[in-house]
Amino acid sequence: MSCKILIIEDEEKIARFIELELVHEGYEVDKCTDGREGLTKAESGNYDLILLDIMLPGLNGLEVLRRLRKTSSVPVIMLTARDAVMDKVSGLDLGADDYITKPFAIEELLARIRLVLRHKGGNAAQQSEDLTHEKLSLSVSRHEVHYGEDLIDLTAREFTLLQTLLENKNIVLSRSTLLERVWGYDYMGETNVVDVYIRYLRSKLDDVYGVHIIHTVRGVGYVIKD
Ligand code: CA
C-alpha cells in the first residue's frame, strides 16, 4: 500500500516539482496552496505525512501545525526559508517531526521523508534500538558507544555528532546541517568546528581500529555509508 503525502505550499512551481518527484517515487500525493484548506485536509486523517510550508495565505504554517497537533500526530516536515531560525525552532517546539530548508536537493527531502515514515512506523522499542554500523554500536538510552567489545570514551558533543551521522546513514550531511543539529541553531562560532570534531572521532575510532567509518564528501560534507 503506498503512502499518501499532503503538500501544503503556495508556491505552485515548488509544489508541482515536489509532487512529480514523490509520484515518481511511488507515493500518492495531494496538494493545496492555502493554510486553512491545508489544515482541514491534514485533519482528515487521510495522509501518512504532511509537507508544510510556513509562509502561506489563509493560515501560516506554524499556526496550521499548532492547530493540527491538538487532534493529530501525523508526521509533519516543515519547509522553511534559509536563515529562518525562529521558524525552525518554533516548528520543532510545536511538534514538527523534521524540517528542510529551501532551496533543498530533492534527494535530501526524499531521505527525510523515508526517515520520518520509518520512525513513525516503528514502536518505542524500535526507536530506542541501538544504532549500529559494522562493529560500531551506539546506544542512545545508555549513552554508550562500543566498537566490538570495547567501550569508546566520547565527549557529549562527539557522541551527538556520531549519533547524527548514524541516524542519517547514507545521507551526506553538510557542515551547516551538522552544525545546526549538533551545536544548535544559535551557534555563532567557526564552521570548521565540524571538521575538528570529525577528526576527534576518527582519532578515537578509525585510527585505533584501522577502519574508515566516516567518509568525507569533498565540498559537501560527511557520511557514514553502509
Ligand atoms: Ca510560501
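Analysis parameters
Residues numbered from 1 in each chain as written. Predicted model: local features only at pLDDT ≥ 70, side-chain atom pairs only at ≥ 80, totals over all residues. Heavy atoms only, no water. Donors = N, O, S within 2.8 Å, 3.2 Å for Na, K, Ca; no water. Buried < 20%, exposed > 50% of the residue type's maximum accessible area, 1.4 Å probe, protein only. Phe/Tyr/Trp six-rings, centres within 6.5 Å; stacked < 30°, edge-to-face > 60°. Helix = DSSP H or I, 4+ residues; strand = E, 2+ residues; numbered from the N terminus. Lys NZ or Arg CZ within 6 Å of the ring centre and 35° of its normal. Pairing = 2+ DSSP bridges. Axes fitted to C-alpha atoms, helices over the stretch in contact; angles between N-to-C directions. Contact = heavy atoms within 4.5 Å. Salt bridge = Lys/Arg side-chain N within 4 Å of Asp/Glu carboxyl O. 1 Å grid on protein atoms, 1.4 Å probe; cavity = no way out; pocket = protein on both sides within 12 Å on 5 of 7 lines; lining within 4 Å. Points joined across faces, edges and corners; volume = space filled by probe spheres on them. Nonpolar A, V, L, I, M, F, W, Y, C, P; charged D, E, K, R; others polar. Domains from an automatic or database assignment. Parallel < 35°, antiparallel > 145°, perpendicular 65-115°, else oblique.

(A) The arrangement of the coordination of the calcium ion in detail. Protein coordination at the calcium ion: the donors are Asp10 (OD), Asp53 (OD) and Met55 (O), at 2.1 to 2.3 Å from the metal. Counting along the primary sequence, the residues that act as donors to the calcium ion give the motif D-x42-D-x1-M. For aspartate 53, a relative accessible area of 2% translates into the label buried.

(B) Representation of the packing of aromatic side chains in the model. On inspection of all chains with the given rule, the structure shows three aromatic pairs. Between tyrosine 147 and tyrosine 209 the ring centres are 4.1 Å apart and the planes differ by 25 degrees, which places this aromatic pair in the stacked class. Of this pair, tyrosine 147 sits in strand 8 (residues 144-147) while tyrosine 209 sits in helix 10 (residues 206-209); the two residues are 62 residues apart in sequence, bridging distant segments of the chain. Aromatic side chains tyrosine 197 and tyrosine 200 sit 5.0 Å apart centroid to centroid with 70 degrees between the ring planes, which places their arrangement in the edge-to-face category. In this pair, tyrosine 197 and tyrosine 200 are both assigned in helix 9 (residues 193-204), three residues apart and thus about one turn of the helix distant. What links up through ring pairs into an aromatic cluster is the set Trp183, Tyr197 and Tyr200. When the ring centre of tyrosine 99 is taken as reference, the NZ or CZ atom of arginine 181 above it lies at 5.2 Å.

(C) Structural context of the sheet that holds strand 9 (residues 150-152). With antiparallel pairing, the four strands of this open sheet are ordered in space as 6-7-8-9. The open sheet terminates on both sides in strands that have one partner only, identified here as strand 6 (131-133) and strand 9. For this sheet the average axis-to-axis angle between neighbouring strands, irrespective of direction, equals 25 degrees. Two elements, strand 7 (residues 136-139) and strand 8, share four bridges in a ladder whose sense is antiparallel. In the sheet register, serine 137 faces strand 8, and the bridge partner there is histidine 146. In this fold helix 7 (residues 156-167) packs onto strand 6, strand 7 and strand 8, with an angle of close to 110 degrees to the strand it touches most, strand 7.

(D) View of the pattern of salt bridges. Under the criterion given, the structure shown has 16 salt bridges. Two residues, lysine 31 and glutamate 19, come together in a salt bridge whose shortest N-O distance is 3.1 Å. In this pair, lysine 31 sits in strand 2 (residues 28-32) while glutamate 19 sits in helix 1 (residues 12-24), placing the two residues 12 residues apart along the sequence. Assessed through its relative accessible area of 31%, lysine 31 is described here as partly exposed.

(E) The layout of surface pockets, seen in detail. One number sums up the size of the second largest pocket: a volume of about 780 Å³. Of all elements in the fold, only helix 4 (85-93), strand 5 (98-102), helix 5 (106-121), strand 10 (173-174) and helix 8 (175-183) reach the threshold of two or more residues within the lining of the second largest pocket. Element by element, the count of residues in the lining of the second largest pocket is highest for helix 8, at six residues. Looking at the lining of the second largest pocket, its residues break down into 14 nonpolar, seven polar and 11 charged. Here the lining of the second largest pocket spans two domains, since at least three of its residues come from each of domain 1 (4-122) and domain 2 (128-224).

(F) Structural context of the packing of helix 7 against helix 9. Across the interface, helix 7 lies against helix 9 with an axial gap of 10 Å and an inter-helix angle of 90 degrees. With respect to their mutual orientation, helix 7 and helix 9 come out roughly perpendicular. Contacts between helix 7 and helix 9 involve Arg157, Glu158, Leu161, Leu162 and Leu165 from the former and Tyr197, Ile198, Tyr200, Leu201 and Lys204 from the latter. Residues belonging to the contact of helix 7 with helix 9 are distributed by class as follows: seven nonpolar, no polar and three charged.

(G) A look at unusual backbone geometry. Between lysine 102 and the following residue, proline 103, the backbone shows a cis peptide bond with an omega angle of -5 degrees. Secondary-structure assignment places proline 103 in the loop between strand 5 and helix 5. Positive phi is not limited to glycine here, since glutamate 134 has a value of about 50 degrees. Along the polypeptide, glutamate 134 turns up in the loop between strand 6 and strand 7.

These values are about where atoms sit, not about what they do.
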